[in-house]
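Below are the chains, spelled out letter by letter.
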Amino acid sequence: MVVGLTGGIGSGKTTVAGFFKDKGIPVYIADDAGKRLLETSAEIREKVTALIGKEAYTGKTPNRKHIASVVFNESSKLEALNGIIHPAVAKDFETWKSEQNSVYVIYEAAILFEAGGYKKCDINILVTASKEEKIKRLQQRDKSSIEEIEARMAKQWSDEQKKKLADFEIENHDLSLTKSRVNELHDIILKRGKN
């Protein structure tokens, strides 16, 4: 079974993914895979260079700052970039999944609902936190300004929109409660997997 795991920026979905990993569940982080493929796939390098220009790469190394500055100002280029990366990640995930030996795997993606990836998952879990909590975490993690954080948040769906599509929710404001919720969901998923 594939369990989709998502949450808005700063919700702590990576922490939650770590709790599932601690239980021996294989975790695939789509954003990390996207970054890896951007660096290692010659086909992607060619397509991204054609889309954004030669400045997209320095040799074989992606110039992330330049790519981000271009796509954040042109939504059509962001869509085109996603159109290059997402199918490659989906293919990479299928290969990875076939190598796992577990009742279920976690597919962690920031825009699981926005990109429609949730449709390929058997169960979807949404990690939530209050806006204040998310901002606090992001300021500590990225040293970003509140304006930068709010601009990034505005590009994602709200938790309310995501809740309509999620099977389960994990409120992540107290780590011990979050961990026990992960344990509870782990048992529910295992039972479903055996039926």
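What counts as what
Residues numbered from 1 in each chain as written. Predicted model: local features only at pLDDT ≥ 70, side-chain atom pairs only at ≥ 80, totals over all residues. Heavy atoms only, no water. Helix = DSSP H or I, 4+ residues; strand = E, 2+ residues; numbered from the N terminus. Rg over C-alpha atoms; globule rule 2.2 N^0.38 Å. Buried < 20%, exposed > 50% of the residue type's maximum accessible area, 1.4 Å probe, protein only. Contact = heavy atoms within 4.5 Å. Lys, Arg positive; Asp, Glu negative; His and termini not counted. Charge placed at Lys NZ, Arg CZ, Asp CG, Glu CD. Pairing = 2+ DSSP bridges. Phe/Tyr/Trp six-rings, centres within 6.5 Å; stacked < 30°, edge-to-face > 60°. Lys NZ or Arg CZ within 6 Å of the ring centre and 35° of its normal. Core = buried A, V, L, I, M, F, W, Y, C linked by side-chain atoms within 4.5 Å. Domains from an automatic or database assignment. UniProt positions renumbered as here; feature names shortened; annotations may be inferred. Polar contact = N/O pair within 3.5 Å; in protein donor to acceptor, adjacent residues only side chain to side chain. Buried area = accessible area lost by both parts, 1.4 Å probe. Salt bridge = Lys/Arg side-chain N within 4 Å of Asp/Glu carboxyl O.

Bringing the overall build of the protein chain into the picture now. On a plain count of helices and strands, the protein chain comes out with nine helices and seven strands. Here the C-alpha radius of gyration of the protein chain, 17 Å, is about what a compact globule of 195 residues would show, namely 16 Å. Judged by the C-alpha coordinates and their principal axes, the protein chain covers about 50 × 40 × 25 Å. Looking at the protein chain residue by residue over its 195 residues, the buried ones come to 43%. Residue pairs at least 24 apart in sequence account for 71% of intrachain contacts in the protein chain once pairs closer than 6 positions are excluded. Separation between the mean location of the 32 positive side-chain charges and that of the 29 negative ones in the protein chain comes to 2 Å.

Moving on, we get to the pairing of strand 7 (residues 168-171). Here strand 7 shows a buried face lined by Phe168 and Ile170 and an unburied face lined by Glu169 and Glu171. The sheet contact formed by strand 6 (residues 123-128) and strand 7 spans four bridges and is parallel. Bridging from a neighbouring strand, Val127 pairs with Ile170 of strand 7.

The next subject is unusual backbone geometry. Backbone phi values are negative for most residues with the exception of glycine, while trans is the configuration of most peptide bonds. Phi at Lys143 takes a positive value of approximately 55°, unusual for a residue other than glycine. Inspection of the secondary structure puts Lys143 in the loop between helix 6 (131-142) and helix 7 (146-154).

Moving on, we come to the packing of aromatic side chains. Evaluation of the coordinates by the stated rule reveals seven aromatic pairs. Between Phe93 and Tyr107, the aromatic rings sit 4.7 Å apart at their centres with planes inclined by 65°, giving edge-to-face as the arrangement. Linking Phe93 in helix 5 (residues 75-98) with Tyr107 in strand 5 (residues 105-108), this pair joins segments that are 14 residues apart in sequence. Considered together, Phe93 and Tyr107 belong to a single accessibility category, that of buried residues. Aromatic ring contacts, followed pair by pair, group Tyr28, Phe93, Trp96 and Tyr107 into a single cluster. Over the aromatic face of Tyr57 sits the side chain of Arg45, whose NZ or CZ is 5.9 Å from the ring centroid.

Time to look at the nonpolar core. Within the largest apolar cluster, 29 residues are counted, with the highest numbers of intra-cluster contacts made by Tyr28, Ile44, Val48, Val89 and Tyr107. Residue contributions to this core peak at six residues, all from helix 5. Structurally, this core is a two-domain feature, drawing no fewer than three residues from each of domain 1 (1-26 + 100-195) and domain 2 (31-99). Look past the residues within four positions of Tyr28 in its chain and what remains in contact with it is Ala33, Arg36, Val89, Asp92, Phe93, Trp96, Ile106, Tyr107 and Glu108.

According to UniProt, the positions carrying the feature "binding site: ATP" (unreviewed entry) are Gly10, Ser11, Gly12, Lys13, Thr14 and Thr15. As for its position among the elements, Ser11 is in the loop between strand 1 (2-7) and helix 1 (13-22). Those residues in contact with Ser11, other than ones at most four positions away along the chain, are Val127, Thr128, Ala129, Lys134, Arg137 and Asn172. Of note is the side chain of Ser11, whose polar atom sits 2.7 Å from the backbone oxygen of Gly8. With respect to the secondary-structure elements, Gly12 resides in the loop between strand 1 and helix 1.

The next subject is the domain arrangement of the protein chain. The domain architecture assigned to the protein chain consists of domain 1 (1-26 + 100-195) and domain 2 (31-99). Domain 1 and domain 2 are separated by 23 Å when their C-alpha centres are compared. Taken residue by residue, the interface counts twelve residues in domain 1 and ten residues in domain 2. When the two sides are added together, the surface that domain 1 and domain 2 hide from each other amounts to roughly 920 Å², 65% of it contributed by carbon and sulfur. In terms of surface lost to domain 2, no three residues of domain 1 exceed Gln100, Tyr107 and Lys155, which account for 52% of the buried area on that side. Across the domain 1-domain 2 interface, the total number found is two residue pairs in polar contact (both at pLDDT 80 or more).

Attention now goes to the pattern of salt bridges. Under the counting rule described, the total for this entry stands at 13 salt bridges. In this structure, the salt-bridge partner of Lys163 is Glu160, at a minimum N-O distance of 3.4 Å. Here the residue Lys163 and the residue Glu160 both occupy positions in helix 8 (residues 159-163), the gap between them amounting to three residues, near one helical turn. Classification of Lys163 as partly exposed rests on a relative accessible area of 34%. The salt bridge involving Lys163 is made with Glu169; its shortest N-O contact spans 3.9 Å. For Glu169, a relative accessible area of 25% puts it in the partly exposed group.

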